[in-house]
Structures are given as C-alpha cells and as structure tokens.
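# An overview of the molecular structure
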2 protein chains.
Amino acid sequence: MAGQIITIGRQCGSGGHTIGEQVAKILGVPFYDRELIEMTAQESGFGKEFVEEQGEHRNSSMLYNLVKNLSYSRTMPSGNSEYLQDEIFFVQRKIITELAEKEPCVIVGRCADSILKETGNSLNIYIHAGKAFKARHLMERNHVSYDEAVREMEQLDKRRASHYKYYTDQVWGLAENYHLCLDSSLIGIEKCVSVICDIYQSINAGNRG
Amino acid sequence: MAGQIITIGRQCGSGGHTIGEQVAKILGVPFYDRELIEMTAQESGFGKEFVEEQGEHRNSSMLYNLVKNLSYSRTMPSGNSEYLQDEIFFVQRKIITELAEKEPCVIVGRCADSILKETGNSLNIYIHAGKAFKARHLMERNHVSYDEAVREMEQLDKRRASHYKYYTDQVWGLAENYHLCLDSSLIGIEKCVSVICDIYQSINAGNRG
C-alpha cells in the first residue's frame, strides 16, 4: 500500500515547502515541516532553536560544534554536540514513524523518505530548481542580495546533504531514492502540485482496485 | 523555449524505451533510440555493432578494450578503442544537436540531456525502477534467470554511468540534472507516459502564452 504518506525532500529556495503545503491542503491531510521542530523539542526536552539547527543540518567541524554548544547553552543540556544530534535524530525518527502510522500526511525534509522506506507506505518526492530561481526566492523572502542568497542556499544544502548522508548512508538528491523528482523552476510550483496530487491519487486508486 | 525536445535517460529494465516510444507516438514526433546507432554508423563509417557497444557504455579496462578491438576488427578501423569511442561520441553529439535543431522529438540515452542542456530547449527525463521490476522486465525480454537479469542490468548501468561521467563530468541519475525523474515501478508505465505528456504540453503552452 505505497503512497499513503508523502515525503518531500527539497533544495533550499526550490519552493518545496509551498508545494508540500498546497498538496496537503488539496488532499485534506496534515502537513509537517517546522511543526516537527516543536514536536521534537517537546519530546526531547531540547530547546526549539537547537532542534531546528541540529535536526536537519550537519557540521562535523569541532570548532563549529564548540561555538554552537556555547551559544545554545541556555536551551540544551551539556554534552557533545554530535551525540546530542544523534539523540535529536532518534526522537525525530520516532515522531515521523508514529505520524506515518496514524494517518496520511505530508512530511517535509528530515530524512523522512529514508525513515519510511521500509514501510513501503510513502510516495517520496524531491524538489529542486535552477540557481537563479532559487536565489530569487531567497532574495524576496530574506531581503538579501543575490550573492548572499546564493551563499546561504549553497551552505544550507551542503549541510542538509551531509546530514542526509550521515543518517541514511545515501547521496542526497539521487533520483533513485525518490519516486518522483521535479524541477520547479521549469515545471512551475502550481504544476508540481497538480502532478504530485495526480500521481498520489493514481497510486492509491491502484491500491484500492 | 524549453521543452521542445524530450530526452530520456533510463536504468536498464525500467521501461524507459517503451515510455519514450509511447510519448513520441502521442505527441506525434519522431523517436530516436536504436535509430541513433544506425545514423552514427552511417556518418562515422564504423560498424553498427561497434557503435552500439561503444556509443553509450564505457570500459576503461585495457584488457577489455583489447578483446573488444579484436572481436570487432572486421567492422572497425585499427586504432586505440578509447580514441575511437571519443570519435563515436562526437559524431553522435553532432547528430543529436542537428536532430534537436530540426524539429521536436524524443531522444533516448546517449548523454542527450547534457548535450542539449545549453540550448535550454529540452525537457530532460530520467526513468528508474525497483530492482525486482527491472529484473522481471529483463527475464521476460531476454529469457534469462533472475540472477542473470540482475547481473546484466547492474553491469550495463555501471557502464552507462561510467560513460556519462566521462563525457559530461556529471553523476548519472542525479535528480538536479533532469527536469523530471520517475520511478516506473511505483507509478506505472502508462502513468509515466501521461505525466510526461502533461508536463510537456504545460511547458510548451507556457512558452506560447
């Protein structure tokens, strides 16, 4: 019964969040992106800011981790940052697994595709886009220059890829790890939404038939 | 004016050839897969069998190349196999570029996505599928056992990936190198065809509008 849960991996600035939100609205199912930060913070006892920082990004630099440990010292227990990141991952994985068992939903990021792979119950999607399209999105959203937008998205995606590689042992953005990958800059946000809903309904109709 | 030409990269056994053929039929445009072997053989003067072997696969082993050179000695000029493979690639690239300039069409494999990338005139698609689905296809087509089918497809895809890497300097099957990637084993051949036609028409309607 594949396809009950939709997971969306996405490059920074590709519109993956918006696409997921609209798909969830059309299908009438819950949508989880930043909501997972709140849930993981509650379940783990870590501060939201720390969970947001560590729940999807990875920095193996010891200096970086030291600085981060110091700046988050008010909202996290003392300890090694890598070990704490593992803890966050395990809590997040548990939450994602439980959400997927409960009802159909849309989950953005956080290795959800890999976490749910063995259930055979997910439609795994990856949204990417051309550089100019992504930069324009970020410039509008964060009021930054083109160069700042490019630097920001390249850094973020590098850290997402590193986090994904560490926890799934897979290359982030490799087509064969997803059922459907879409270039939102060519296809358009609206068309991405309709194609995903169309395929989701087709798969689930097949399962019922 | 992106989207006039459809290129299809595909894993062995994924049904990419069939999908491309059906898309071409629905859109009423020419379809090129094995046809490119004939055209490249005519233009280059090499034998068809040698073009087929060298036009999309790569073997860097010297021993392999020596054996291949000996077995194809009737249909190819004497010389270093790697150098001849480069020649075949350049002839094939010229043919693909000329076809794309002439009229809308569907081209399967042969790095066409990368060759046409700079024209901004192609809708680049990648078709992949689960192992069992691909093996079943190959078992039916080639009348081989499951183990033989798996070995065959793994070897062929490894050589396609190596050929792609050598001529494009890119990772074969990385989502961001395509506009649309589909898992035919979950989505189904028929639905893949209709999604491709739908997106193609949507993009070209956008260009006209």
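Residues numbered from 1 in each chain as written. Chains lettered and ligands numbered in written order. Predicted model: local features only at pLDDT ≥ 70, side-chain atom pairs only at ≥ 80, totals over all residues. Heavy atoms only, no water.

### Observations concerning the relation of the copies chain B and chain A
To keep it simple, the criterion reads: The superposition of copies rests on a least-squares fit of C-alpha positions from residues with pLDDT of 70 or more in both. Two residues qualify as a contact provided that any one of their heavy atoms is within 4.5 Å of a heavy atom in the partner residue.
When chain B is fitted to chain A, the best match, at an RMSD of 0.0 Å, comes from turning it 180° and sliding it 0.0 Å along the axis. In the structure described here, the two chain copies are related by an operation that fits a two-fold rotation axis. Take the interface residues of chain B: 100% of them recur as interface residues in chain A, which is what a same-surface contact looks like.

### Examining the interface of chain B and chain A
Selection criterion: By convention, the term buried area covers the 1.4 Å-probe accessible surface removed from two parts as they join, with the contributions of both added. One speaks of a salt bridge when a side-chain nitrogen belonging to Lys or Arg is within 4 Å of a carboxyl oxygen belonging to Asp or Glu. Pairs of N or O atoms within 3.5 Å make up the polar contacts considered here, provided that, within protein, one atom can donate a hydrogen while the other can accept it, and that residues adjacent in sequence are counted only when both atoms are side-chain atoms. Where helices and strands are cited, they refer to DSSP runs of H or I of at least four residues and of E of at least two residues respectively, numbered from the N terminus. Put simply, Ala, Val, Leu, Ile, Met, Phe, Trp, Tyr, Cys and Pro go in the nonpolar bin, Asp, Glu, Lys and Arg in the charged bin, and everything else, Gly too, in the polar bin. For two strands to pair, DSSP has to find at least two bridges joining them.
Taken together, the contact pairs 24 residues of chain B with 24 residues of chain A. Roughly 2,000 Å² is buried in total at the junction of chain B and chain A, and carbon and sulfur atoms are behind 65% of that figure. Three residues, His179(B), Leu186(B) and Lys191(B), lead the burial of chain B against chain A; their summed loss comes to 27% of the area buried on that side. Viewed at the interface, chain A and chain B are joined by two salt bridges. Between Lys191(A) and Asp198(B) there is a salt bridge, and its shortest N-O distance comes to 2.8 Å. Where chain B meets chain A, there are 13 residue pairs in polar contact (both at pLDDT 80 or more). Counting only elements with at least two residues in the side of chain B that touches chain A, the list comes to strand 4 (122-128), strand 5 (180-183), helix 9 (184-187) and helix 10 (189-208) of chain B. For the side of chain B that touches chain A, the leading source of residues is helix 10 of chain B, giving six residues. Across the side of chain B that touches chain A, the residue classes break down as 15 nonpolar, five polar and four charged. Where strand 5 (residues 180-183) of chain A lies against strand 5 of chain B, three bridges are found, and the strand directions are antiparallel.

### Description of empty space enclosed by the protein
All names here are of chain B. Under the convention used in this document: Buried and open spaces are told apart on a 1 Å grid over the protein atoms alone, a cavity being a set of points where a 1.4 Å probe fits but cannot get out and a pocket being an open set with protein on both sides within 12 Å along at least five of seven lines. Residues with an atom within 4 Å of a point are the lining residues. Grid points are joined across faces, edges and corners, and a volume is the space filled by probe spheres set on the points.
What the rule picks out here adds up to four cavities of 30 Å³ or more. Quantified by volume, the largest cavity comes out at close to 120 Å³. Lining the largest cavity are 15 residues, and of these Glu56, Gly109, Arg110, Cys111 and Trp172 lie nearest its centre. Where the lining of the largest cavity is concerned, the elements lending two or more residues are strand 1 (5-10), helix 6 (112-116) and helix 8 (146-168). Among the elements that line the lining of the largest cavity, the one with the most residues is strand 1, at four residues. Residue classes in the lining of the largest cavity are distributed as six nonpolar, four polar and five charged.

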